[in-house]
Amino acid sequence: MTHEAAGVPPTRNDDDRQDDDRTAEPQPAPEAQDAPASPAGDAGAAGDPQDAAPRPEARLARAVQAAEQALIEFEIAVETFRVEVENFSRLHHQKLGPMYARLDELDAQIAEARAAKTGDPEDLRKAKEARDIVMPMPGVDELFHDWMDSDGLSPEASAMLTEQPVRPPKRVRPSEEARKLYRELARKAHPDLAQDEPERERRDEFITRVNAAYGRGDVELLKELAAEWAAGPAQPLAPLSESEELYARLEWLSRRKELLTVLAKELEEGAIGSMLRMAPDDPDQLLEDIGEQLLGEVSRREAELAEMVQ
């Protein structure tokens, strides 16, 4: 037996080394184990368009687009129903209007016949009301449209009826305060003080309003104009950001939808809309059914009138 020297690795023959090579597990290279992750690889993953988070404005723009499409569909539905109601109302008037008129006339004749028999003041009043429904007479105010007052025809109405020129209104003598305000405004806002053409146009428009107020002696309006001039020209609004424009668009769409909702409700709850909703699939048949009912009412009233006048 031989003893190896301390600190010296034991020697092995070729056969031992071959056996070790066959049984040993393959080990990865140290560089592969300890190599850091490639920065280029991380950057490529983060830069993938599919993994990048969308901008808030992009999501808001999609919401606006969806709201616009929904509002368009809602507007189409409301307008379609409005046209249907309008058409049904026209047909209802054409086909059934004469029957309603006939019923009103029969009601008036029946009420008049009853009042003639009884002479009761209440029956006379009802007869008059029934006749007024058939032949409503406009009132004096409706006929003359403020041309007549408690003293008779107004001077303007008389002048127009007699083809005379209408008298101009009395001239107003401006007060001292009005003259003072006018002079101050004229000095400050005179168009000759303008430095460029847009400023001259602004001053021309303003002085025109000042002259009109002074001509009427309107002190309060002159004070308002003085405050307006002191405040200076309106500053242009700062441009909105993309988000602000999108939010403003959403608010407008919301208000528009509210208005359409009110309109749709009025159409549905109206007399014609309510009738149309009773038979949305066959409104023509509904008109025929209502016509038959009205014809029956006409026959009953005619029979009632015939009995009363015998």
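We now turn to the structure provided with this report. From a predicted model like this one, the values you see are computed outputs, not experimental measurements.

Let us now look at helix H4 (residues 56-118). At Leu96, H4 shows its largest kink, close to 55 degrees, and the proline Pro98 lies no more than four residues downstream. Downstream of H4 by a residue or two, Gly119 has a phi angle that is positive, lying close to 70 degrees.

Mapped onto the fold, His92 is located in helix H4. We classify His92 as buried; its relative accessible area is 12%.

What follows is about the pattern of salt bridges. Enumeration according to the criterion identifies 24 salt bridges in this entry. Its salt-bridge partner being Arg131, residue Glu105 comes within 3.0 Å of it at the nearest N-O pair. Residue Glu105 is found in helix H4, and its partner Arg131 is found in helix H5 (residues 121-134); the two are separated by 26 residues along the sequence. Since its relative accessible area comes to 21%, Arg131 is described here as partly exposed. Here Glu199 and Arg202 are joined by a salt bridge, their closest N and O atoms 3.1 Å apart. With Glu199 and Arg202 both in helix H9 (residues 197-215), this residue pair falls three residues apart, about one helical turn.

Val85, Phe88, Leu96, Met275, Leu286, Ile290 and Leu294 are the most contacted members of the largest nonpolar core, which has 29 residues in total. Every element with two or more residues in this core is listed here: H4, helix H11 (242-269), helix H12 (271-278) and helix H13 (283-309). Counting residues per element, this core draws most heavily on H4, which supplies 13 residues. Not counting the four nearest positions on each side in its chain, Leu286 is found in contact with Phe88, Met275 and Ala279. Core analysis: the next-biggest nonpolar cluster, separate from the first, contains 12 residues, Ala178, Leu185, Ala213 and Leu222 among them.

The rules behind the values
Residues numbered from 1 in each chain as written. Predicted model: local features only at pLDDT ≥ 70, side-chain atom pairs only at ≥ 80, totals over all residues. Heavy atoms only, no water. Bend = angle between axes of the 7 residues up to and from the residue. Helix = DSSP H or I, 4+ residues; strand = E, 2+ residues; numbered from the N terminus. Buried < 20%, exposed > 50% of the residue type's maximum accessible area, 1.4 Å probe, protein only. Salt bridge = Lys/Arg side-chain N within 4 Å of Asp/Glu carboxyl O. Core = buried A, V, L, I, M, F, W, Y, C linked by side-chain atoms within 4.5 Å. Contact = heavy atoms within 4.5 Å.

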